[in-house]
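For reference, the chains in residue letters:
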Amino acid sequence: QVQLVESGGGLVQPGGSLRLSCAASGSSFRFYAMGWYRQAPGKQRDMVAISTSAGSTNYADSVSGRFTISRDDAKNTVYLQMNSLEPEDTAVYYCYVVDRTYSSNTYWGQGTQVTVSS
């Protein structure tokens, strides 16, 4: 019953910044976890950043210190502020939520392309 709407992807030069947004609808309760994964061409889908309803966050080593995840539970929205972007950050970024209102269910966004190139 949850739908995710992503925005903010695009083309940016190395060293630039982007802010991804993912708005979730279909539930009136806060989500257990919200975050972002990414998948580059020829690679598996990897976790980028996760935020839980308990307030914890987790980042991939490759983005730690450059990316910041935040969430607005009133809007059921999660953000990913990406600074100091590198060509290696180029990937399709997928929003991810875990809903445990009744049972544990995982939902994925359709993905938004982030391209870092000069």
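Let me sum up the structure you'll find in this document. On a predicted model such as this, the values are computed, not experimentally measured, just so you know.

What follows covers the pattern of salt bridges. Oppositely charged side chains can pair when the atoms bearing their charge come close. What the rule picks out here adds up to 4 salt bridges. Arginine 66 is the salt-bridge partner of aspartate 89, the closest N and O atoms lying 2.8 Å from each other. Here aspartate 89, found in the loop between strand S8 (77–82) and strand S9 (91–99), pairs with arginine 66, found in the loop between strand S6 (57–59) and strand S7 (67–72); they are 23 residues apart in sequence, far enough to count as distant. Aspartate 89 gets classed as buried once you look at its relative accessible area, which sits at 1%. Its relative accessible area of 12% is what places arginine 66 among the buried residues. Ionic contacts of the salt-bridge type, sharing partners, join the residues Arg38, Arg66, Glu86 and Asp89 into one network.

For the rest of this paragraph, the subject is the state of the cysteines. In total, this model carries 1 disulfide according to the counting rule given. What pairs with cysteine 22 in a disulfide is cysteine 95, and their sulfur atoms sit 2.0 Å apart. Here cysteine 22 and cysteine 95 share a disulfide; its torsion about the S-S bond, -90 degrees, makes the bridge left-handed. Residue cysteine 22 is located in strand S3 (residues 18–25), and its partner cysteine 95 is located in strand S9; the two are separated by 73 residues in the primary sequence. Across the pair, cysteine 95 and cysteine 22 agree in class, each one buried.

Attention now goes to the nonpolar core. Grouped together as the largest cluster of nonpolar side chains are 28 residues, with contacts concentrated most on Trp36, Leu80, Met82 and Tyr93. Elements represented by at least two residues in this core include exactly S3, strand S4 (33–39), strand S5 (46–52), S7, S8, S9 and strand S11 (112–116). Other than its neighbours up to four places away in sequence, methionine 82 contacts Gly16, Ser17, Leu18, Leu20, Arg66, Phe67, Tyr93 and Val114. Ala33, Tyr37, Ile50 and Val98 belong to the second largest nonpolar core, which has 5 residues in total.

Take threonine 106: it is sitting in strand S10 (residues 105–108). With a relative accessible area of 40%, threonine 106 lands in the partly exposed category. Separated by 104 residues in sequence, threonine 106 and valine 2 place their C-alpha atoms 9.2 Å apart. Residues contacting threonine 106, with those up to four places away along its chain left out, are Tyr96, Val97 and Val98.

This paragraph deals with the side chain of arginine 71. Along the chain, arginine 71 turns up in strand S7. At 2.9 Å, the side chain of arginine 71 forms a polar contact with the backbone oxygen of serine 51. In this structure arginine 71 touches Phe31, Tyr32, Ala33, Met34, Ser51, Thr52, Ser53, Thr77 and Val78, once residues within four positions along its chain are discounted.

Moving on, we get to the packing of aromatic side chains. How two aromatic rings sit relative to each other is given by the distance of their centres and the angle of their planes. Going through the model one piece at a time under the given rule, you end up with 3 aromatic pairs. Summarising the aromatic geometry, the rings of tyrosine 37 and tyrosine 96 are spaced 5.0 Å apart at their centres and angled 55 degrees between planes, so their arrangement reads as tilted. With tyrosine 37 in strand S4 and tyrosine 96 in strand S9, this pair connects stretches of sequence that are 59 residues apart. When its relative accessible area of 14% is taken as the criterion, tyrosine 96 is described as buried. Clustering of aromatic rings is evident, with ring pairs tying together Tyr37, Tyr96 and Trp108. We note arginine 19 situated over the ring of tyrosine 79; from NZ or CZ to the ring centre the distance is 4.0 Å.

Rules of the game
- Residues numbered from 1 in each chain as written.
- Predicted model: local features only at pLDDT ≥ 70, side-chain atom pairs only at ≥ 80, totals over all residues.
- Heavy atoms only, no water.
- Salt bridge = Lys/Arg side-chain N within 4 Å of Asp/Glu carboxyl O.
- Helix = DSSP H or I, 4+ residues; strand = E, 2+ residues; numbered from the N terminus.
- Buried < 20%, exposed > 50% of the residue type's maximum accessible area, 1.4 Å probe, protein only.
- Disulfide = S-S within 2.5 Å.
- Core = buried A, V, L, I, M, F, W, Y, C linked by side-chain atoms within 4.5 Å.
- Contact = heavy atoms within 4.5 Å.
- Polar contact = N/O pair within 3.5 Å; in protein donor to acceptor, adjacent residues only side chain to side chain.
- Phe/Tyr/Trp six-rings, centres within 6.5 Å; stacked < 30°, edge-to-face > 60°.
- Lys NZ or Arg CZ within 6 Å of the ring centre and 35° of its normal.

Don't take any of this as a statement about function, it's just geometry.
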